[in-house]
Amino acid sequence: MTRPWEAPSAGGPAPRPPRPTRRRPALEPPPRAHGRAPGARGQHVASAPPAAQAPWRRGVGGALARGAGARLAGVTHFRGGGGGKMAAPMEVAVCTDSAAQLWSCVVWELHSGANLLTYRGGQAGPRGLALLNGEYLLAAQLGKNYISAWELQRKDQLQQKIMCPGPVTCLTTSPNGLYVLAGIAESIYLWEVSTGNLLVILSRHYQDVSCLQFTGDSSHFLSGGKDCLVLAWSLCSVLQVDPSRTPAPRHVWSRHTLPITDLHCGFGGPLARVATSSLDQTVKLWEVSSGELLLSVLFDVGIMAVTMDLAEHHLFCGGSDGSIFQVDLCTWPGQREKSFQPEQDNGKVFRGHRNQVTCLSVSTDGSVLLSGSHDETVRLWDIQSKQCIRTVTLKGPVTNASIMLAPVSMLSSDFRPGLPLPHFNKHLLGAEHGDEPHRGGFTLRLGLHQQGSEPSHLERAEQLHAVMSSTMEKSVLGGQDQLRIRVAELEDEVHNLRKVNRDLFDFSTRIITRPAK
């Protein structure tokens, strides 16, 4: 049979012309290897079995499930045959409890709840967990005088114990990975990671230091203590201070009346805003550049934990009764003091914990909130609906729970730190106070010399901060100085008018009451 495009010829059949191709739209899925394309008539499209569905889809609601599924699409998972490379940053939850029966620290994937890593060896204290340079995990041991250090991949082997002069009450590391801060009793110890040298001991608190945190650019750090004080320190000032002088904090915030329980530093470096919580039932918002108090919120219960989302639109406060309160920072312009009324703001309260909330953390997209409590549970909340997505039960009161982007070293089995941790000295100046000397190296300290009459880098930094603070005040306050001057002028004018009115009244009274001649 001759096909329409074939012409019979004596030399044989004509060559077959190429088949016309149809350009597929950019968003059309490719056809399957067998059968029709997905969605074609008469084809059954298989759905995922119930066991394969994500845990948070059960009992939460369709809208929430769709939102969680959309977040999962952007979450990191290993590519097939990709050699362990990640497609996108993965958010993980890092948690510790005070019992540490099965492990010291557990890491699980935030949205699926799958356990990724566990670390063994000790009990981490509250505010005592920190990630160092994306290579080591540090944990201040509860009631003990040392800090445990693990390589992120060698989780079953304790890499090092950093011995300290006393029990460590809180711990943090600088974002640039150069320094380690620890609160020991009422003092703050600052170590240099590259050498292990103890650079300075700050003793400006009068009682135990309860929390420490660096700013995002590592230029400042903040400390809160049981003495009701919050101190803002300039790292440059602390490192360049004359050894014969006592380092002084840049700001001393003393508006709290009971011990500080937690603090959170937002983004912006020296222009960041800091939220502090206290047993005095208040949460206060400060500005690092000027040191001014921006907002004070009063609650009905003591506040044990505080955090903000990345956009700093919402403030989340964990209460001693297990409630979590959401404060909208963009709805109260100009009001520096506010009382939170749970009966009026019922839609701004997360309820589910049965004991005090000890730690809070928000995901990078601001959609979910992680909370830990003394009721031995860690809960994951959908912020928009205030519904609990997942509950993880631990073996003891939760001491640390935070959300972070997993570094490559956490998920790559063949990763090793670039440099080993040095021996951390317990005393200033190392070997002069009994620590073992380290041979085969030298220490270079910059910025300790004088430069004649020229201003030092510290003075230039202070001048820059002053200029930035004044500019910020003018732009934010919007002419408050001119407003005060105008108000003073109007008050003087009112005073003069009252005086004129009184003089007219006295004159009229004398005229009316004067006897007739």
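Residues numbered from 1 in each chain as written. Predicted model: local features only at pLDDT ≥ 70, side-chain atom pairs only at ≥ 80, totals over all residues. Heavy atoms only, no water.

Trainee: Explain a nonpolar patch on the surface here, please?
Mentor: A cluster of nonpolar side chains, namely F507, I511 and I512, defines an oily patch on the protein surface of about 330 Å² accessible area. By the element assignment, I511 lies in helix α5 (residues 480-513). Residue classification places I511 among the partly exposed positions, given a relative accessible area of 41%. (Patch = residues over 30% accessible without salt bridge, like charges linked within 9 Å, V, L, I, M, F, W, Y side chains within 5 Å. Areas by Shrake-Rupley, 256 points an atom, 1.4 Å probe, with all protein chains shown as cover. Salt bridge = Lys/Arg side-chain N within 4 Å of Asp/Glu carboxyl O. Helix = DSSP H or I, 4+ residues; strand = E, 2+ residues; numbered from the N terminus. Buried < 20%, exposed > 50% of the residue type's maximum accessible area, 1.4 Å probe, protein only.)

Trainee: Before we go on, may I ask you to explain the side chain of T399 in this structure?
Mentor: You can see T399 is positioned in strand β29 (residues 398-405). A distance of 2.7 Å separates polar atoms of two side chains, one belonging to T399 and the other to T96. A polar side-chain atom of T399 sits 3.4 Å from a polar atom in the side chain of N400. In this structure, T399 is in contact with T96, D97, S98, A124, G125, P126, R127 and C359, ignoring residues within four places of it in sequence. (Polar contact = N/O pair within 3.5 Å; in protein donor to acceptor, adjacent residues only side chain to side chain. Contact = heavy atoms within 4.5 Å.)

Trainee: Would you take a moment to explain the sheet that holds strand β4 (residues 124-132) for this structure?
Mentor: One key point about sheets: their strands pair by backbone hydrogen bonds, in either a parallel or an antiparallel sense. The strand order β4-β5-β6-β7 describes an open sheet built from four strands, whose pairing is antiparallel. Of all strands in the sheet, those with a lone pairing partner are β4 and β7 (160-163), marking the two edges. When strand polarity is set aside, the average angle formed by the axes of neighbouring strands in this sheet is 25 degrees. Alignment of β4 against strand β5 (residues 136-141), held across five bridges, turns out to be antiparallel. When the sheet's bridge partners are listed, L131 is paired in β5 with L137. (Pairing = 2+ DSSP bridges. Axes fitted to C-alpha atoms, helices over the stretch in contact; angles between N-to-C directions.)

Trainee: Could you clarify how one ought to interpret the nonpolar core in this entry?
Mentor: General note: in soluble globular proteins, nonpolar side chains tend to be found buried as a group. Counting 20 residues, the largest nonpolar core has I147, L171, V180 and W191 as its most contacted members. Contributions of two or more residues to this core are made by β4, β5, β6 (146-151), β8 (168-173), β9 (179-184) and β10 (187-192). Formed by 18 residues, the second largest nonpolar core is a distinct cluster that contains L231, W233, L235 and V238. (Core = buried A, V, L, I, M, F, W, Y, C linked by side-chain atoms within 4.5 Å.)

Trainee: For this particular structure, what's the right way to read the environment of V327?
Mentor: Here V327 shows up in strand β22 (residues 324-328). In this structure, the C-alpha to C-alpha distance between V327 and M308, residues 19 residues apart in sequence, is 9.5 Å.

Trainee: Help me understand the pattern of salt bridges in this model?
Mentor: A side chain with one charge can pair with a side chain of the opposite charge if their charged atoms come near. Scanning the entire structure with this criterion turns up five salt bridges. A salt bridge links K348 to D328; its shortest N-O distance comes to 3.0 Å. Note that K348 is positioned in the loop between β23 (337-339) and β24 (349-350) and D328 in strand β22, a separation of 20 residues in sequence. D328 sits in the buried class, given a relative accessible area of 15%. Two residues, D503 and K499, come together in a salt bridge whose shortest N-O distance is 3.4 Å. With D503 and K499 both in helix α5 and four residues apart, the pair spans about one turn of that helix.

Trainee: Please explain the sheet that holds strand β2 (residues 105-109) as it appears in this structure.
Mentor: Taken in spatial order, the four strands line up as β3-β2-β1-β29 in an open sheet, and their pairing is antiparallel. The open sheet has two free edges, formed respectively by β3 (115-119) and β29, since each of these has just one partner strand. For this sheet, the mean angle separating the axes of adjacent strands, direction not counted, is 15 degrees. Bridge analysis of β2 against β3 gives four bridges, and the strand direction is antiparallel. Residue pairing in the sheet places V107 in a bridge with L117 of β3.

Trainee: Whenever I open this one, the confidence of the model for the chain confuses me. Can you help?
Mentor: Detailed conclusions should not be drawn from predicted coordinates in areas where pLDDT is low. Scored by pLDDT, the chain comes out at a mean of 79, with 73% of its residues at no less than 70. Here residues 1-14 is modelled with pLDDT under 50, and outside its nearest four sequence neighbours on either side it reaches four contacts, counting other chains as well. Confidence drops under pLDDT 50 across residues 446-452; counting only partners more than four residues distant or on other chains, this segment forms four contacts. (pLDDT = per-residue confidence, 0-100.)

Trainee: What is the right way to look at the packing of aromatic side chains in this model?
Mentor: In this structure the tally under the stated criterion is 11 aromatic pairs. Between F214 and F221, the aromatic rings sit 5.6 Å apart at their centres with planes inclined by 55 degrees, giving tilted as the arrangement. An identical accessibility class is assigned to F214 and F221; each is buried. Aromatic side chains W253 and W286 sit 4.8 Å apart centroid to centroid with 10 degrees between the ring planes, which places their arrangement in the stacked category. Note that W253 is positioned in strand β15 (residues 251-253) and W286 in strand β18 (residues 282-287), a separation of 33 residues in sequence. Each member of the pair, W253 as well as W286, is classed as buried. (Phe/Tyr/Trp six-rings, centres within 6.5 Å; stacked < 30°, edge-to-face > 60°.)

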